[in-house]
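In case you want the letters, here they are:
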Amino acid sequence: MMKISTNSKKDVYLHAAIITLLLMVLFFGFFFVYLPWSTNHGDAITVPSLKGLTMEEAEDLLDERNLDFEVTDSTFTAGLKPLTVLSQYPLENSKVKQGRKIYLTINTETAPMIKLPKLTEMSVRSAEQQLLVSGLLKPDLEYQNDSRQNEVLEVKFGGTKIEAGALIAKGSKVTLVVGNGTDSVEIDVPCVVGQLYDEAQIVIKGSSLQIGTVIYDPTSTEPAGTIIKQNPECENGNKVRSGDMIDLWVAGNPPN
């Protein structure tokens, strides 16, 4: 039998060790040097916070970081400017590669129209909650002499009474007319003699009173439309209650 010399064994072991070492160098070099380099592992970019920015501001900020974006959704949020960023993905402070696309949800340009919910005969607190649930802002309150304390008597929008079911832009603010529980309190009769009819209407309604019978007097020498008499009169400390009527006499002919 042929014998292998000691030197030949050492050569085999040496060659095997060299091959193994080369394989290990290639393995670690590929996974820990080439692969991270080729995937920009060391060039990770921190995603900035975009929430609350306009589209132009968000685009400028992303361009500075070599990032791209895409608008994937839009919704309406009251109180924010149109085309404002509402949310983003990936989230702020995330680490991403150069050129990564950031997906945005933005505020719509036009508020959708919604139906005004029924608010009358509700308490102020319940009506406010119903408005918020419907996407409307917290309302202004206007108190009126009425025994129904803290109960909604009517709803106004832009100074005009509106009914339940009327279409109104989401994010709008209405005014709730609320009873103050003091309808039995007497107030002084407002004086409107000498005022124009339109002015008298404002004074009377602002005093939580109503206009009763309106009588026109074409023989009066006062300018047309001027109040020349009222009943009850405002002299002698006359008193009325909320909701009472004031009759008016007006100079001139009635409007066509």
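Predicted model, so just to flag it, every value in this text is computed and none were measured.

Undergrad: It is not clear to me how a negative patch on the surface should be interpreted in this structure. Could you clarify?
TA: Taken together, the side chains of Glu56, Glu57, Glu59, Asp60, Asp63 and Asp68 define an acidic patch exposed on the protein surface. At 5 residues, helix α2 (residues 55–64) tops the list of elements feeding residues into the negative patch. Relative to the elements of secondary structure, Glu57 occurs in helix α2.

Undergrad: What am I meant to see in the nonpolar core here?
TA: Most often, soluble globular proteins keep nonpolar side chains buried together rather than apart. Leu116, Leu119, Leu131, Val155, Val174 and Leu176 are the most contacted members of the largest nonpolar core, which has 14 residues in total. Listed by contribution, the elements that provide at least two residues to this core are α3 (124–133), β8 (152–157) and β11 (175–179). Among the elements that make up this core, the one with the highest residue count is α3 (3 residues). Those residues in contact with Leu176, other than ones at most four positions away along the chain, are Leu119, Ala127, Leu131, Pro139, Asp140, Leu141, Glu142, Val152, Glu154 and Val155. Within the second largest apolar cluster, 13 residues are counted, among which are Ala200, Ile204, Ile227 and Val240.

Undergrad: How do you make sense of the environment of Ile114 when you look at a structure like this?
TA: Secondary-structure assignment places Ile114 in strand β6 (residues 113–115). Residue classification places Ile114 among the buried positions, given a relative accessible area of 17%. For Ile114 and Lys170, which are 56 residues apart along the polypeptide, the C-alpha to C-alpha distance reads 6.1 Å. Not counting the four nearest positions on each side in its chain, Ile114 is found in contact with Ser134, Leu136, Ala166, Leu167, Ile168 and Lys170.

Undergrad: Which parts of the structure should I look at to understand the state of the cysteines?
TA: By definition, a disulfide links the sulfur atoms of two cysteine residues through a covalent bond. Evaluated as defined, the whole model comprises 1 disulfide. Sulfur-sulfur distance for the disulfide between Cys191 and Cys234 comes to 1.8 Å. Disulfide Cys191-Cys234: torsion about the S-S bond near 110°, hence right-handed. One end of the pair, Cys191, is in the loop between β12 (186–188) and α4 (197–206); the other, Cys234, is in the loop between β14 (227–231) and β15 (239–241), with 43 residues separating them in the sequence. Taking the relative accessible area as the measure of exposure, Cys191 reaches 44% and is therefore partly exposed.

Undergrad: Sorry if this is basic, but what is going on with the confidence of the model for the protein chain here?
TA: Parts of the prediction with low pLDDT should not have their coordinates interpreted in detail. For the protein chain, per-residue confidence averages 86 on the pLDDT scale, and residues scoring 70 or more make up 89% of the total. For the stretch residues 1–6, pLDDT sits under 50, and the model shows 1 contact to residues farther than four places along the chain or on other chains.

Rules behind the numbers
- Residues numbered from 1 in each chain as written.
- Predicted model: local features only at pLDDT ≥ 70, side-chain atom pairs only at ≥ 80, totals over all residues.
- Heavy atoms only, no water.
- Patch = residues over 30% accessible without salt bridge, like charges linked within 9 Å, V, L, I, M, F, W, Y side chains within 5 Å.
- Areas by Shrake-Rupley, 256 points an atom, 1.4 Å probe, with all protein chains shown as cover.
- Salt bridge = Lys/Arg side-chain N within 4 Å of Asp/Glu carboxyl O.
- Lys, Arg positive; Asp, Glu negative; His and termini not counted.
- Charge placed at Lys NZ, Arg CZ, Asp CG, Glu CD.
- Helix = DSSP H or I, 4+ residues; strand = E, 2+ residues; numbered from the N terminus.
- Core = buried A, V, L, I, M, F, W, Y, C linked by side-chain atoms within 4.5 Å.
- Buried < 20%, exposed > 50% of the residue type's maximum accessible area, 1.4 Å probe, protein only.
- Contact = heavy atoms within 4.5 Å.
- Disulfide = S-S within 2.5 Å.
- pLDDT = per-residue confidence, 0-100.

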